[in-house]
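What follows is the residue order along each chain.
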Amino acid sequence: MAATDSDYDRLAEQKAFNATKAGVKGLVDAGVKELPQIFHAPPHFLNGRSPAPDGDPDFSLPVIDLAGARADQDPEERKRIIKKIGDASTEWGFFQVVNHGVPASTLNGIRAGTHRFFNQDVEVKKEYFSADPMSKVVYTSNYGLYTAPVANWGDLILFKMAPDPPAPEQIPACIRQNV
């Protein structure tokens, strides 16, 4: 029997999810058949906007071209790029970056290492599980689990790179072997 709004304990569900330290992949691996209520977006979440329908030709994510963004290049072009980043961040919350100068081989190595990380046994990943924003390497599912109106359906491995990046031995071995 499904819980009604009056007897639903969101905090208890959030705590139970977080306590597993298994993240969203842990739910999938466990064979979850129904999306837990903490992942349900409340009706007001979209602020009156409807999501773009599948196949909508006018629906496209912002793409930021960093060519020309270096400090030693045209300062006006740099300002335009920075404005595009600000606009995309404000309107969308994310964007795609092109011409960033990171070699494809590096990106492919990071992607492969990340895939290996998330496919490890949960007991191995738990070593990195944290919500501590001061940690240099963090595996988490939801930084805003207790404050956001809806939990994120996704897991993250984050690396604090500035001002002091993590030492190589702090990065999970399955990720650093290809980077």
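Residues numbered from 1 in each chain as written. Predicted model: local features only at pLDDT ≥ 70, side-chain atom pairs only at ≥ 80, totals over all residues. Heavy atoms only, no water.

Going by what an unreviewed UniProt entry lists, the protein chain is known as Non-haem dioxygenase N-terminal domain-containing protein and is assigned to Linum tenue.

Caption draft 1: Broad picture of the packing of aromatic side chains. Counted under the stated rule, the structure contains eight aromatic pairs. Taking the centre distance of 6.3 Å and the plane angle of 70° together, the rings of tryptophan 92 and phenylalanine 94 count as edge-to-face. When the ring of phenylalanine 117 is compared with that of tyrosine 139, the centres are 5.5 Å apart and the planes differ by 75°; the resulting orientation is edge-to-face. With phenylalanine 117 in helix H4 (residues 104–118) and tyrosine 139 in strand E3 (residues 137–140), this pair connects stretches of sequence that are 22 residues apart. The exposure class of phenylalanine 117 is buried, given its relative accessible area of 0%. Residue tyrosine 139 is classed as buried on the basis of its relative accessible area, which comes to 0%. One aromatic cluster is present, formed by Phe117, Phe118, Tyr128, Phe129 and Tyr139 through successive ring pairs. (Phe/Tyr/Trp six-rings, centres within 6.5 Å; stacked < 30°, edge-to-face > 60°. Helix = DSSP H or I, 4+ residues; strand = E, 2+ residues; numbered from the N terminus. Buried < 20%, exposed > 50% of the residue type's maximum accessible area, 1.4 Å probe, protein only.)

Caption draft 2: Just the environment of alanine 167, in detail. Topologically, alanine 167 is positioned in the loop between strand E4 (156–159) and helix H6 (173–176). Look at alanine 167 and you get partly exposed, because its relative accessible area is 24%.

Caption draft 3: Focus on the environment of glutamine 96. Mapping glutamine 96 onto the fold places it in strand E2 (residues 96–98). With 31 residues separating them along the chain, glutamine 96 and aspartate 65 place their C-alpha atoms 8.5 Å apart. In this structure, glutamine 96 is in contact with Pro62, Val63 and Ile64, ignoring residues within four places of it in sequence. (Contact = heavy atoms within 4.5 Å.)

Caption draft 4: Region of interest: the pattern of salt bridges. In total, this model carries seven salt bridges according to the counting rule given. Across the salt bridge formed by arginine 70 and aspartate 72, the nearest N and O atoms sit 2.9 Å from each other. The pair arginine 70 / aspartate 72 is uniform in exposure class, with both members exposed. The residue arginine 80 makes a salt bridge to glutamate 77 at a minimum N-O spacing of 3.0 Å. (Salt bridge = Lys/Arg side-chain N within 4 Å of Asp/Glu carboxyl O.)

Caption draft 5: Region of interest: the nonpolar core. If you look at the biggest cluster of nonpolar residues, it comprises ten residues: Phe117, Phe118, Tyr128, Phe129, Val137, Tyr139, Ile157, Ile171, Cys174 and Ile175. For this core, the secondary structure elements donating two or more residues are H4, E3 and H6. Here isoleucine 171 is in contact with Tyr128, Val137, Phe159, Pro166 and Arg176, once residues within four sequence places are set aside. Judged by nonpolar contacts, the second largest core, of eight residues, contains Tyr8, Val24, Leu145 and Ala151. (Core = buried A, V, L, I, M, F, W, Y, C linked by side-chain atoms within 4.5 Å.)

Caption draft 6: Fine view of the side chain of serine 141. Position of serine 141 among the secondary structure elements: in the loop between E3 and E4. At a separation of 3.0 Å, a polar atom in the side chain of serine 141 contacts the main-chain carbonyl oxygen of glycine 154. Engagement of the side chain of serine 141 in a polar contact is seen with the side chain of aspartate 155, the distance being 2.8 Å. The residues contacting serine 141, other than those within four sequence positions of it, are Phe17, Gly23, Val24, Phe129, Asn152, Gly154 and Asp155. (Polar contact = N/O pair within 3.5 Å; in protein donor to acceptor, adjacent residues only side chain to side chain.)

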